[in-house]
Amino acid sequence: QVQLVESGGGLVQAGGSLRLSCAASGRTFSSVAVGWFRQAPGKEREFVTIISATGGVTYYADSVKGRFTISRDNAKNTVYLQMNSLKPEDTAVYYCGAKWSLNNWPSPHDYGYWGQGTQVTVSS
């Protein structure tokens, strides 16, 4: 069992930065891949990035590549999302999710565990 809690969201001006954290409980955290998704009002949940259990493999959506960086510290049971050069279109609720493998990583339906989300608002 894995429980996830996101934090670090807030209001930032375009061009600014935020770092989100996804803190996990459970002894199996180092065995799961963790992804970040986002959901804007009226839109479907959208894949942002994922990191493998060991941190050696990452994937990014084209829309955030070069601006966002995912990392993890298994000793602290935490995954981070560093977001730079933020744009108004990055505004959404950001969720972290955990899954047991990297298979089908862009689909939110394959993630067995989710946090409650944290709001990110980027003003123009």
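Please refer to the structure placed before this passage.
Keep in mind that this is a model prediction, so the values were computed, not measured.

K.L.:
Quick one: what's the story with the pattern of salt bridges, residue by residue and with numbers?
P.N.:
According to the stated counting rule, one finds 4 salt bridges in the structure shown. Where aspartate 62 meets lysine 65, a salt bridge forms, and the shortest distance between an N and an O atom there is 3.1 Å. Note that arginine 67 and aspartate 90 form a salt bridge whose closest N and O atoms lie 2.8 Å from each other. On the criterion of sequence distance, the pair formed by arginine 67 in the loop between strand E6 (58-60) and strand E7 (68-73) and aspartate 90 in the loop between strand E8 (78-83) and strand E9 (92-99) is long-range, its members being 23 residues apart. Both residues of the pair, arginine 67 and aspartate 90, belong to the buried class.

K.L.:
Lay out the nonpolar core with the relevant residues and their values.
P.N.:
Grouped together as the largest cluster of nonpolar side chains are 35 residues, with contacts concentrated most on Val34, Trp36, Met83 and Tyr94. Listing elements by their share of this core, those giving two or more residues are strand E3 (18-25), strand E4 (33-39), strand E5 (46-51), E7, E8, E9 and strand E11 (118-123).

K.L.:
Tell me about the side chain of glutamate 6, and name the residues and values.
P.N.:
Topologically, glutamate 6 is positioned in strand E1 (residues 3-7). Buried and unpaired, glutamate 6 has arginine 45 as its nearest opposite-charge partner, separated by 7.1 Å. Here cysteine 96 takes part through its backbone nitrogen, which lies 2.8 Å from a polar atom of the side chain of glutamate 6. Looking at glutamate 6, its side chain comes within polar contact range of the main-chain nitrogen of glutamine 116, at 2.9 Å. Those residues in contact with glutamate 6 that lie beyond four places of it in its chain are Ser21, Cys22, Trp36, Tyr94, Tyr95, Cys96, Gly115, Gln116, Gly117 and Thr118.

K.L.:
Quick rundown of the state of the cysteines? Include the residues and the values.
P.N.:
Using the criterion set out here, one finds 1 disulfide in the structure. With a sulfur-sulfur separation of 2.1 Å, cysteine 22 is cross-linked through a disulfide to cysteine 96. The chirality of the disulfide connecting cysteine 22 with cysteine 96 is right-handed, given an S-S dihedral of about 70°. Remark: cysteine 96 occurs in strand E9 and cysteine 22 occurs in strand E3; sequence separation between them is 74 residues. Cysteine 96 matches cysteine 22 in its accessibility class, with the two residues each being buried.

Reading guide: rules and limits
Residues numbered from 1 in each chain as written. Predicted model: local features only at pLDDT ≥ 70, side-chain atom pairs only at ≥ 80, totals over all residues. Heavy atoms only, no water. Salt bridge = Lys/Arg side-chain N within 4 Å of Asp/Glu carboxyl O. Helix = DSSP H or I, 4+ residues; strand = E, 2+ residues; numbered from the N terminus. Buried < 20%, exposed > 50% of the residue type's maximum accessible area, 1.4 Å probe, protein only. Core = buried A, V, L, I, M, F, W, Y, C linked by side-chain atoms within 4.5 Å. Lys, Arg positive; Asp, Glu negative; His and termini not counted. Polar contact = N/O pair within 3.5 Å; in protein donor to acceptor, adjacent residues only side chain to side chain. Contact = heavy atoms within 4.5 Å. Disulfide = S-S within 2.5 Å.

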